[in-house]
Structure formats: structure tokens, C-alpha cells
2 protein chains.
Amino acid sequence: MATGRTHRPATRSRGIPEATVARLPLYLRALTALSERSVPTVSSEELAAAAGVNSAKLRKDFSYLGSYGTRGVGYDVEYLVYQISRELGLTQDWPVVIVGIGNLGAALANYGGFASRGFRVAALIDADPAMAGKPVAGLPVRHTDELESIITENGVSIGVIATPAGAAQQVCDRLVAAGVTSILNFAPTVLSVPEGVDVRKVDLSIELQILAFHEQRKAGEESMPSAGQPRAEVRAPEGGKGPDGEIPAVMPA
Amino acid sequence: MATGRTHRPATRSRGIPEATVARLPLYLRALTALSERSVPTVSSEELAAAAGVNSAKLRKDFSYLGSYGTRGVGYDVEYLVYQISRELGLTQDWPVVIVGIGNLGAALANYGGFASRGFRVAALIDADPAMAGKPVAGLPVRHTDELESIITENGVSIGVIATPAGAAQQVCDRLVAAGVTSILNFAPTVLSVPEGVDVRKVDLSIELQILAFHEQRKAGEESMPSAGQPRAEVRAPEGGKGPDGEIPAVMPA
DNA sequence: ATGCCTTTGTGAACGCGTGCACAAAGATGG
DNA sequence: CCATCTTTGTGCACGCGTTCACAAAGGCAT
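Residues numbered from 1 in each chain as written. Chains lettered and ligands numbered in written order. Predicted model: local features only at pLDDT ≥ 70, side-chain atom pairs only at ≥ 80, totals over all residues. Heavy atoms only, no water.

### Notes on unusual backbone geometry
Most peptide bonds take the trans configuration, and most residues that are not glycine carry a negative phi.
So, point 1. A positive phi is found at A137 of chain A, a non-glycine position, where the angle reads about 55 degrees.
So, point 2. Of note, A137 of chain A is situated in the loop between β6 (135–136) and β7 (139–143).
So, point 3. A positive phi angle is found at S38 of chain B, which is not glycine, with a value near 60 degrees.
So, point 4. Position of S38 of chain B relative to the elements: it lies in the loop between α1 (18–36) and β1 (41–42). (Helix = DSSP H or I, 4+ residues; strand = E, 2+ residues; numbered from the N terminus.)

### What to know about the protein's contact with DNA strand C
So, point 1. Around DNA strand C, a shell composed of 26 residues is seen, among which K57, K60 and R71 of chain A together with S44 and Y75 of chain B lie nearest.
So, point 2. Backbone atoms, meaning sugar and phosphate, form 66% of the atoms of DNA strand C found within 4 Å of the protein.
So, point 3. For DNA strand C, a base nitrogen lies 2.6 Å from a polar atom in the side chain of R71 of chain A.
So, point 4. Contact between DNA strand C and Y68 of chain B: a phosphate oxygen at 3.5 Å from a main-chain N or O atom of the residue.
So, point 5. Going through the elements one at a time, α1 (18–36) and α3 (55–65) of chain A together with α3 (55–65), β2 (69–70) and β3 (74–76) of chain B are the ones with two or more residues in the surface near DNA strand C.
So, point 6. In terms of residue count, α3 of chain A provides more of the surface near DNA strand C than any other element does, 4 residues in total.
So, point 7. Of the residues that constitute the surface near DNA strand C, the class distribution is 7 nonpolar, 9 polar and 10 charged. (Near = heavy atom within 4 Å. Polar contact = N/O pair within 3.5 Å; in protein donor to acceptor, adjacent residues only side chain to side chain. Nonpolar A, V, L, I, M, F, W, Y, C, P; charged D, E, K, R; others polar.)

### Quick word on the sheet that holds strand β2 (residues 69–70) of chain A
Hydrogen bonding along the main chain pairs the strands of a sheet, whether they run parallel or antiparallel.
All names here are of chain A.
So, point 1. On the basis of which strands lie adjacent, the open sheet formed by 3 strands has the order β1-β3-β2 and antiparallel pairing. Of all the strands in the sheet, the pair left with one neighbour each is β1 (41–42) and β2.
So, point 2. Bridging between β2 and strand β3 (residues 74–76) involves 2 bridges; their strand directions are antiparallel. Across the sheet, residue G69 finds its bridge partner in β3, namely Y75. (Pairing = 2+ DSSP bridges.)

### Here's the deal with the packing of aromatic side chains
Residue and element names in this part refer to chain B.
So, point 1. Counted according to the given criterion, the structure contains 6 aromatic pairs over all chains.
So, point 2. Pairing Y27 with F62 gives two aromatic rings, centres 5.2 Å apart and planes at 80 degrees, and the pair type is edge-to-face. One end of the pair, Y27, is in helix α1; the other, F62, is in helix α3, with 35 residues separating them in the sequence. No difference in accessibility class separates Y27 from F62, as the two residues are buried. (Phe/Tyr/Trp six-rings, centres within 6.5 Å; stacked < 30°, edge-to-face > 60°. Buried < 20%, exposed > 50% of the residue type's maximum accessible area, 1.4 Å probe, protein only.)

### Quick notes on the confidence of the model for chain A
Residues and elements named next belong to chain A.
So, point 1. Confidence along chain A averages 85 in pLDDT terms, with 81% of residues attaining 70 or more.
So, point 2. For residues 1–13, every residue scores under 50 in pLDDT, and the model assigns this stretch 27 contacts once sequence neighbours within four places are set aside.
So, point 3. A low-confidence stretch, residues 225–253 stays under pLDDT 50, and its non-local contacts, those more than four residues away or across chains, total 27 contacts. (pLDDT = per-residue confidence, 0-100. Contact = heavy atoms within 4.5 Å.)

### Quick notes on the sheet that holds strand β9 (residues 182–185) of chain B
Residues and elements named next belong to chain B.
So, point 1. Read from one edge to the other, the open sheet built from 7 strands follows the order β6-β7-β5-β4-β8-β9-β10, with strand pairing classed as mixed. Each edge of the open sheet carries a strand with a single partner, namely β6 (135–136) and β10 (198–201).
So, point 2. Of the pairings in the sheet, the one linking strand β8 (residues 158–161) to β9 comprises 4 bridges and is parallel in character. Looking across to β9, one finds that I161 is bridged to N185.
So, point 3. Docked against the sheet, helix α5 (residues 103–110) engages β4 (94–99), β5 (119–126), β6 and β8, running at close to 155 degrees with respect to β4. (Axes fitted to C-alpha atoms, helices over the stretch in contact; angles between N-to-C directions.)

Written out as C-alpha cells, the structure is:
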């Protein structure tokens, strides 16, 4: 096995579907906004609208957490904020390290969303010796040599990888070996990790390509009457990349 | 309707499942790497390993595009790169605007992944007059006033929002009104858009919270024999946010 | 040319997620 | 205390996505 291991055997966590878990932060954000406006209760319909989901889905999601609503009234905002926070594990502090303090890493370090709820940037780590000691977002950048000691001393279990793609797997391996069991990967690479380690990836170019696909579809559909394969003319790939700029298109049949 | 509209009626595009579309960029990346190493052909097994997916899934994904493989041999790397690129619409140039040139916006502008395949940063836009004209990633930052004209003059259909959450919906509305039909949202907000506009979001804090959930589960499970609700002690929420730091936990039954 | 071996392409089964629609539950007013 | 009205919680059905397993297809050696 070279790169990936995408089977998810035990992802389903104690009866809470993964899809629900992914929406809880959304609900929490909407609820926090309501809480700040001192709204006491909210119906599933209202909250669902605020979170951009179906109200039935929201109710079913909440049903996995327990019966926290009051029929005829709705949900107590403060109470629900607390319950979801607890379920997500945000009632405790999660020290996080960011590895790779380039443009993106620095932006992440400065991002307020980190410190806000339960997450604390324990250290910024970069391989460039010239970066060492320089303050970024109020923290001195540490050198990669210190990675293991930082992890163990701070009890870090969540690592953020913002390195170039080439360094990501190596950094990942070191993080895991040092005790990190959750990784948020911003590098455009598939990371290979042992069982028990969670990896989530954020990939700009993948998102853009998905958008481009739909964009192309929209553009192609509106100008075409009913043809099967409408695409006007397609440039053969010839850009910088390949050494031989020849056209590989050999449409078989 | 305040915020969201997440129903997806016509997402399924011309027979290609959305899940497949989301994986095509992954395959493309793996194939490009093979292409650079001048590997002529690749089997579904090898490619699947490189992309971190199941080989059966990969074959089924490719089957939606057509019969591009050769039984007993595998897939022609160059040919497949071309086919996937074409399907994703990467054979044409997509001008993109980035709105909100803060830390994150600047990082995105500097990100190489943009220019690489089919995407070209047409303009960087920020609301701060002090930013106007300042070069970021080799491009002068333009003021928000010019947003509409930039969109129309460059034929921009994809917009990236990297503004603070408070400005995101407003920026989104202006982008859409000016003709943008695909949006990549980095702001932590649910965007409301009219039908026909695609929105994809990248949300750091949501990803972290999902990781925290699983992390909490791992930690709770390994130290507990078989108890039902093991969580040791849970701090009541009392942090900075709310004006009244009172405990909303009133466990009902 | 023939048989073997490898690998694709896909039919079928299964499981997860979603949404409908409704009964149960509680609040509220008379 | 009872009727009514609102809103939750959920049983059920449906569709999408994943995976298995295998037949068909093609290359290759003899």
C-alpha cells in the first residue's frame, strides 16, 4: 500500500452518523449567533434555515444526541450550545501545531477561528532555519527538529500540515510517530497513515476543479439544443508540464 | 429565508455522479505525477492506491467517462490525463477573482495551485482603500468598487471569497449579480445563493471540530472499560463569548 | 492459431443518508 | 380540566454510493 487507505471501518461513532457529526459545527455556529443575540429558544425550522439544511434532517441529527427539544416550543439555545459543544469535545482545550509556516501556514496561524473554540495553537513549526525564532501571529516559529519534543511536551494530538506537497508525507509520519492522531492536511497530497489516525484534507485546487466541472456543464447546456457531445473545440494538453508536448488523444472508437 | 439553501436538485450532472466528480481531480493529480515520470500505462489497482481509493470504485468512476482502459493492460496515462482534464473543463482557462486580500486571501493568491491547471487569477479585490494598488503576488489589489466591472470585463464565472464572515454574504450577492455562477467560500458563513449558482465551502474550524469529535471518542474509549457515558468531567461553557457566564446545563432527565 | 493469464467493466446486493409525513408530546388559553 | 395548536421525534421509503464478484476482453507466449 503506497498512499491511501480510505476504508472507514469504525468511523461510525457510537451511533452518531458521520454526516451528522459534520453538520454539528454548522448548527453550533448558528446557535452561537443566536446566543449572542440573547435568543432564548429556536425551532427546528428556524435553526435549519440558519444552518442551511432541511429541518427534518436537523431534527434527526439532534435525535442522535438525545431528546433535547420541547414539543410545541423548540430548542433551548444555550442548552443546545452546551450539548453540542460537549459532544464535539469543545469543552476541553485542544493544543494544535501548525507545520509549514509559509503564506498559508501564517494565514492559518493568524486565523481567529483557531483560538476561539477549544483550539489553541501550541506551536508553529517550519523547516527553514531562517524562520526559526521569527514571530508569527505572536508566536515564535520553532524549527522542525523540535517537532517531536513539542508534540510530547504539549500533549498535542491534532496537527495541521501546511507544507509543500513534497514534505507533507514525511511531516505526517513524524507527527504520527510523535503521538498525533488527527491531521488536517492542506498540502495537495494523499497522506498515508496507520489505522486509528484521522485525516481530513482541505484542497483548494480540487474544489476549484469541481466548480469548473459544473461551470462547464452550465455553459455547455445553455448554448446547446440537444446534441450529445456538445463541447466545441478542445485544446489538446500542451502546456508546460510534460517533456514531450505531443497530443495523446487517440480516440479509439 | 435568511441564510441557507442546501437542497441540491440538479447536482447530478449528465450521468456522472457527484461523488465521482469529486474524485476526478484526485485521479488527475496521481496521473499527472505518473505522466511526469513517463509511466506509459497504469492499472486500476496501482492508480487506486496512488489516489487512496478502492480499485473497484476507480473503475466504476472511469466507466462513467467511457471505456478508456485496455483489459489485461490498464489505462494509458497520457490519454486518461487528457480525458479527465477535458471532462473537468480544465482544457479551457477559468479566470478567477479573489475577494478579501487579508492573510488568507494573500496566501491563496500566492498559491501555485491556481495558475497551474486552467485557473488564472484575474484580479484581487479588497474593500480596504489602503490596500488598493498594492501588489500582492504580482497583481495590484483592486478596490471593491471595481468588482462588477472586473467580473464582466474578464468574463469571470468563478469567485473566491476570503473576506471576514460579516462581509461574505454581501460580497457573494454582488458577485452573483455581476455574473459569477460558482463560488468558493472560505468565510465561516452559510451563503445564500439563487438557483443555478454553485457554492463550495472550505471551513477550517468545521474541519477541526470534526477532528476533535473523533479525537474525543478515541480518548474516551481507550480509558473506559464499558461505561455508557464515560466523559470524565466536563467544564461548563464559561469562556469569553457570552455576556452572562452562567451555566446553561440543566440536564432534564 | 490456441490457450492462458491479466485486468477491465459491470450486474447485483448492501448500507448509509435524506426527506416525507404523521403520531406523540407538551404548552397555552379558555 | 379540557381542547387546541404548535413543534418535536421518528417510522418508512427511496435513491445514491460503495463494494463484491465475475464474465468478457484483450495481450502474450507457445
